[in-house]
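# Coordinate analysis (summary)
Read off the chains here:
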Number of protein chains: 2
Amino acid sequence: MDRQLNIVPFVSVDHMMKIVLEIGVETFLAELADYIEADFRRWQLFDKTPRVPSHSKEGVIELMPTSDGEVYGFKYVNGHPANTRQGLQTVTAFGMLADVATGYPVLLSEMTILTALRTAATSAMVAKYLAPAGADCMAVIGNGAQSEFQALAFKAILGITKLRLYDIDPAATAKCARNLKDKGFEIATCASPEDAMQGAQIVTTATADKQYATILTDNMVGAGIHINAIGGDCPGKTELHRDILLRSDIFVEYPPQTRIEGEIQQLDAEHPVTEMWQVIAGKAKGRRNDSQITLFDSVGFATEDFSALRYLRDQVKRTGQYQELDMLADPDDPRDLFGMVMRAAEA
Amino acid sequence: MDRQLNIVPFVSVDHMMKIVLEIGVETFLAELADYIEADFRRWQLFDKTPRVPSHSKEGVIELMPTSDGEVYGFKYVNGHPANTRQGLQTVTAFGMLADVATGYPVLLSEMTILTALRTAATSAMVAKYLAPAGADCMAVIGNGAQSEFQALAFKAILGITKLRLYDIDPAATAKCARNLKDKGFEIATCASPEDAMQGAQIVTTATADKQYATILTDNMVGAGIHINAIGGDCPGKTELHRDILLRSDIFVEYPPQTRIEGEIQQLDAEHPVTEMWQVIAGKAKGRRNDSQITLFDSVGFATEDFSALRYLRDQVKRTGQYQELDMLADPDDPRDLFGMVMRAAEA
């Protein structure tokens with residue numbers, strides 16, 4: 001039998017960085033956005049389920065499975081806001097793809113970096129449908145691990161060239177500005193969220209506290225703004241004042257999940273929302289006019305990770321950046337697993 | 001920070017075989033059974049959920065998560081009956097443990113071999129509570145990949161020394177008998193299931209067809225028998241005639257899962273069953289008398305995989321049989337994931 005079936009290609013953190021650098025961050029984000037958009041377009045094919053969470057007082061560990069009928073994928077991801085205080089990542093992740101016909105895994109990968117990329121690529125792809133025409137200035141509130149990826153995705157996919165950065169910790173803003181220097185942006189570091197909103201047509205909120213926060217209050221959001229809300233992504237964790245939600249047209253990935261995890265957990269279960277796949281497939285309207293406030297209440301959905309792993313799989317072949325894991329038992333006779341173990345003693 | 005937090009120990013198929021051989025199969029099974037039993041005893045601590053399946057016409061891919069509040073674990077497992085026809089395993093699996101407090105993975109392992117071991121260890125551990133006293137003879141119907149592990153677990157844990165083997169394919173029986181030669185059994189290879197049942201106090205059914213089968217019919221099961229039903233483990237896949245179920249006292253792992261996947265999918269949703277953890281914790285009776293037919297309607301539950309990974313983790317430390325995977329991104333500043341990727345270009 002084909003030896004390769006028993007070996008699972010594994011993309012380590014080091015491989016992932018090399019792949020991103022070889023392709024270039026902006027190209028990676030733009031190509032990845034195309035895969036994500038293509039999978040939103042064939043949304044109805046996917047086996048969809050809300051993620052499977054295990055909550056604790058420190059955070060949450062989640063499994064996010066999906067399948068398009070030919071390929072199965074899942075992601076393991078945690079969210080532990082207090083981790084940064086110990087020098088650990090708030091979010092770490094890994095994921096895999098498997099062949100539906102045999103159930104055999106075909107790719108295992110780190111997904112801490114890949115998740116940051118897919119989250120940003122999804123935001124910018126969605127903004128093509130929701131942001132006001134000609135937008136070139138984005139406020140980024142929350143300048144943590146996600147901020148630079150968001151900025152570059154919006155540059156590569158939407159043409160954003162002006163950034164207005166704010167974080168409750170000025171050191172985070174300085175880090176973000178430093179990382180994005182010489183990447184083609186005009187960058188303003190701002191002293192308050194209100195300041196950051198000046199002249200921005202798009203605002204990205206990406207903060208990490210696990211609580212009901214109000215990063216944006218109602219008076220800060222003017223007509224025509226597109227809000228890309230990234231950080232409200234689990235029960236009890238929101239970023240926007242409820243009054244903003246009531247003035248916005250709200251777009252979501254998968255309502256059964258977003259009702260639990262997103263900004264709209266603050267609203268009635270029947271509050272109208274539009275599913276992004278319908279906008280992308282031409283079945284529903286995105287932005288309708290210049291005064292409308294649009295809100296992408298993003299929580300991250302399994303299909304986006306699936307798209308990212310699918311994109312990665314193609315890049316792995318192209319770049320050869322992976323290692324081979326001896327992960328699947330391969331007895332000569334499939335019914336003779338025991339014999340295989342015993343014969344290993346002789347080898 | 002501790003470098004080890006970012007490296008995940010990985011137990012490959014080769015490592016797993018070496019660990020099993022170094023410890024010895026029977027010792028491994030007996031020690032593993034103790035971990036499984038200990039976790040059944042503290043059953044109420046666990047975060048329990050039915051496994052998360054993705055069904056296709058060829059089979060099923062499942063995720064089985066659980067947590068005891070300190071450690072989180074999950075297993076990926078597929079079941080594809082037609083795989084053997086292509087020289088592939090019906091079941092392959094891998095799994096991991098993570099630290100609940102940080103969400104960081106702490107162990108990744110092949111679980112094809114480990115699942116075979118934990119299934120057998122669970123069966124034999126349960127049989128301590130359900131099999132008739134003094135049982136020394138077991139019929140094994142279905143002589144595939146699980147059969148030798150079952151036989152050795154029942155020898156190590158229950159003292160079974162006589163085996164009566166039957167499979168629809170005589171080559172499977174011959175393979176099983178060959179593998180178990182010189183392991184301390186008196187082995188009879190049988191021409192029919194009826195023949196295999198002669199003189200057996202325990203019958204293990206472990207067949208793989210995805211269909212409603214009747215490996216055992218009602219007339220084959222006499223008073224006092226303990227039935228260890230392994231193969232009926234997903235919707236539409238059962239092994240026992242319904243009439244046997246009606247004559248048996250039925251013991252299960254986790255009713256919400258067994259009602260869907262086990263033999264009892266043939267019965268009303270209210271049919272009485274006893275949860276094994278209650279028997280093990282002394283809250284319910286196991287076998288009450290010599291004439292009772294006991295049935296362990298085993299489908300495999302997430303806590304058993306958790307116990308197996310917990311046991312493995314201790315053996316990994318002891319044997320040093322693992323490799324280090326660069327699986328978790330480790331920026332010097334947790335908020336500077338982007339900077340880490342960019343700086344990799346300089347390294």
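Residues numbered from 1 in each chain as written. Chains lettered and ligands numbered in written order. Predicted model: local features only at pLDDT ≥ 70, side-chain atom pairs only at ≥ 80, totals over all residues. Heavy atoms only, no water.

### A closer look at the overall build of chain A
Across its full length, chain A carries 11 helices and 17 strands. Taken against the 2.2 N^0.38 rule, which gives 20 Å for 347 residues, the C-alpha radius of gyration of chain A at 21 Å falls within 12% of a compact globule. Residues counted as buried form 61% of the 347 residues belonging to chain A. When contacts within chain A are restricted to residue pairs at least 6 apart in sequence, long-range pairs at least 24 apart make up 72% of them. (Helix = DSSP H or I, 4+ residues; strand = E, 2+ residues; numbered from the N terminus. Rg over C-alpha atoms; globule rule 2.2 N^0.38 Å. Buried < 20%, exposed > 50% of the residue type's maximum accessible area, 1.4 Å probe, protein only. Contact = heavy atoms within 4.5 Å.)

### Some words on the relation of the copies chain B and chain A
Superposing chain B onto chain A takes a rotation of 180° combined with a translation of 0.0 Å along the rotation axis, leaving an RMSD of 0.0 Å. Expressed as a symmetry operation, the mapping of one chain copy onto the other fits a two-fold axis. (Least-squares fit on C-alpha atoms with pLDDT ≥ 70 in both.)

### What to know about the sheet that holds strand β8 (residues 162–166) of chain B
Residues and elements named next belong to chain B. Spatial ordering of the open sheet is given by β9-β8-β7-β10-β12-β16-β14-β15, a layout of eight strands whose pairing is parallel. The open sheet has two edge strands, β9 (186–189) and β15 (274–275), and neither has a second partner. Sheet topology places β8 next to β9; four bridges connect them, and they run parallel. Of the residues in β9, the one forming a bridge with Arg 164 is Ala 188. (Pairing = 2+ DSSP bridges.)

### As for the packing of aromatic side chains
Per the counting criterion, the structure on display carries 25 aromatic pairs over all chains. An angle of 20° between the planes, with centres 6.4 Å apart, marks the rings of Phe74(A) and Phe94(B) as stacked. With Phe74(A) in strand β4 (residues 71–79) and Phe94(B) in strand β5 (residues 93–99), this pair bridges two chains. With respect to class, Phe74(A) is no different from Phe94(B); both count as buried. (Phe/Tyr/Trp six-rings, centres within 6.5 Å; stacked < 30°, edge-to-face > 60°.)

### A few points about the packing of helix α2 (residues 25–41) of chain B against helix α3 (residues 112–130) of chain B
All names here are of chain B. Remark: α2 packs on α3, axes separated minimally by 8 Å, with the N-to-C direction vectors making an angle of 65°. Considered as vectors, α2 and α3 are oriented roughly perpendicular to each other. As α2 runs across α3, the sense of the crossing is right-handed. In this structure, α2 uses Val 25, Phe 28, Leu 29, Leu 32, Ala 33, Ile 36, Glu 37, Phe 40 and Arg 41 to contact α3, whose residues at the interface are Leu 114, Leu 117, Arg 118, Ala 120, Ala 121, Thr 122, Met 125, Lys 128 and Tyr 129. Classifying every residue of the contact of α2 with α3 by side-chain character gives 13 nonpolar, one polar and four charged. (Axes fitted to C-alpha atoms, helices over the stretch in contact; angles between N-to-C directions. Parallel < 35°, antiparallel > 145°, perpendicular 65-115°, else oblique. Left-handed = near helix turned anticlockwise from the far one by under 90°. Nonpolar A, V, L, I, M, F, W, Y, C, P; charged D, E, K, R; others polar.)

### A short note on the environment of Thr294(B)
Residues and elements named next belong to chain B. One can find Thr 294 in strand β16 (residues 293–297). Placed 289 residues apart in sequence, Thr 294 and Leu 5 show a C-alpha to C-alpha distance of 46 Å. The residues contacting Thr 294, other than those within four sequence positions of it, are Leu 130, Ile 225, His 226, Ile 227, Asp 249, Phe 251 and Arg 287. Within polar-contact distance, the side chain of Thr 294 engages the backbone oxygen of Leu 130 at 3.2 Å. (Polar contact = N/O pair within 3.5 Å; in protein donor to acceptor, adjacent residues only side chain to side chain.)

### Some details on unusual backbone geometry
Residue and element names in this part refer to chain A. A positive phi is found at Asp 182, a non-glycine position, where the angle reads about 65°. With respect to the secondary-structure elements, Asp 182 resides in the loop between α5 (170–180) and β9 (186–189). On the accessibility criterion, Asp 182 (73% relative accessible area) is exposed.

### Observations regarding the environment of Ile168(B)
Residue and element names in this part refer to chain B. Along the polypeptide, Ile 168 turns up in the loop between β8 and α5 (170–180). For Ile 168, a relative accessible area of 77% corresponds to the exposed category. For the pair formed by Ile 168 and Ser 192, sequence separation is 24 residues and the distance between their alpha carbons is 8.1 Å.

### Quick look at the side chain of Ser54(B)
Mapped onto the secondary structure, Ser54(B) falls in strand β2 (residues 52–55). For Ser54(B), a relative accessible area of 10% translates into the label buried. Separated by 3.1 Å, the side chains of Ser54(B) and Asp47(A) make a polar contact. Filtering out sequence-adjacent residues up to four positions away, Ser54(B) remains in contact with Asp47(A), Ser67(A), Tyr72(A), Gly59(B), Val60(B) and Ile61(B).

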